[in-house]
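Chain by chain, the residues:
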Amino acid sequence: MSLHVSVATEAWPIAGSFTIARGAKTEARVVVATVSDGTHTGRGECVPYGRYGETVESVAAAIAAVAPALAREAGSAEDAGRAALQYLMPAGAARNALDCALIDLAAKRAGTPAHVLLGLPAPQPLTTAYTISLGSPDAMARAAAAAAHRPLLKVKLGAPEDRARLAAVRRAAPAATLIVDANEGWSEADLADNLAACAEAGVALVEQPLPAGADAALARLPHPVPVCADESVHDRATLSALRDRYEAVNIKLDKTGGLTEALAVVAEARALGFELMVGCMVCTSLAIAPAVLVAQGARFVDLDGPLLLVADRPHGVRFAGSVLHPATTVLWG
């Protein structure tokens, strides 16, 4: 199979802004890898993550640099390109875009949905979290009140006065299940107090309260609320060291380096006894479509990326309130 690889960068405006403990943004900058055999074309989208030193430019360059080697490897067998990616590139956004593009290409060549090629059941609708960005207690309360009809809200924290923010959100959305995401913004000194505030508010899960690499305190201190690793988990190799610190892991394709590794992480995480969460960056439906396959059966699903945009791609996932319906195979897979 002769393979041509191309790469493009895109900017998608966010409705308002998206703010976490590390900063705010008003657009989602994504990288799209396209692979073609001359007849069929597959696409994959990734979101470079500055937390790991990635930029749109560096990720696009990495995809372009590996293209010749990938084209050579892919010529030997239908799935050889995906297998080659695992040693040609490290886990990360660039590998994710290419892995998903290769799966999309294989599905279109075969005329068979991706889930069938991968031996997975047909994806079913999922209830996704909806994100409340970090802001003042009043601003977060207003956002929560507007989203109070949604069953699952993800509350961004990680700054002084988090207790007041959380209390304001809970008052504004008394019936919603809450997930808190501190994005590494807490410290060992305030961890116990913040976890207690989460317990008082009836929070169901707390994501990454301490910085990755500085989270040993989680093994010593009680967890009145289950704690989920996000920045601390990437691929399978990172899982075993987290067993005494976290009850759950958040799997994102941009961290695992693609759908191929994400599915392997799911199997390994379940074997180790972790609860599963599947998340995303702020992205379009092209990135969400493969993540939906990973999220089947997950305890928590956070795939609201397209909901945060001014507009999404054609043929994208459809949202009925917070229920996400899988994208059509016209878009991906």
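Preceding this section is the structure that the text describes.
Here we summarise the structure given alongside this text. Owing to the predicted nature of the structure, the values given are computational and were not obtained by experimental measurement.

Some remarks on the sheet that holds strand β4 (residues 126-127)
Within the open sheet, the three strands sit side by side as β4-β14-β13. Their pairing is antiparallel. Each end of this open sheet is capped by a strand with a single partner; those strands are β4 and β13 (318-320). As paired strands, β4 and strand β14 (residues 323-325) are joined by two bridges and run antiparallel to one another. By the bridge assignment, T127 is partnered in β14 with V323.

Comments concerning the pairing of strand β7 (residues 177-181)
The element β7 is extensively covered by neighbouring structure, given that four of its five residues are classed as buried. The sheet contact formed by β7 and strand β8 (residues 205-207) spans three bridges and is parallel. What sits directly across from I179, in β8, is L205.

Observations concerning the side chain of R95
The residue R95 is located in helix α3 (residues 93-110) in this model. Despite its burial, R95 remains without a salt bridge, the nearest opposite charge being carried by E261 at 4.8 Å. Side-chain polar atoms of R95 contact the backbone oxygen of M89, separated by 3.2 Å. Not counting the four nearest positions on each side in its chain, R95 is found in contact with L85, Q86, M89, P90, T256, G257 and E261.

A word on the sheet that holds strand β9 (residues 227-229)
The eight strands are arranged β5-β6-β7-β8-β9-β10-β11-β12 in an open sheet whose pairing can be described as parallel. Looking at which strands have only one partner, the edges of the open sheet turn out to be β5 (130-132) and β12 (300-301). Looking at chain direction, strand β6 (residues 152-156) and β7 are connected through five bridges and run parallel. Each residue of the ladder has a partner; that of V155, found in β7, is V180.

What counts, and at which threshold
- Residues numbered from 1 in each chain as written.
- Predicted model: local features only at pLDDT ≥ 70, side-chain atom pairs only at ≥ 80, totals over all residues.
- Heavy atoms only, no water.
- Pairing = 2+ DSSP bridges.
- Helix = DSSP H or I, 4+ residues; strand = E, 2+ residues; numbered from the N terminus.
- Buried < 20%, exposed > 50% of the residue type's maximum accessible area, 1.4 Å probe, protein only.
- Lys, Arg positive; Asp, Glu negative; His and termini not counted.
- Salt bridge = Lys/Arg side-chain N within 4 Å of Asp/Glu carboxyl O.
- Polar contact = N/O pair within 3.5 Å; in protein donor to acceptor, adjacent residues only side chain to side chain.
- Contact = heavy atoms within 4.5 Å.

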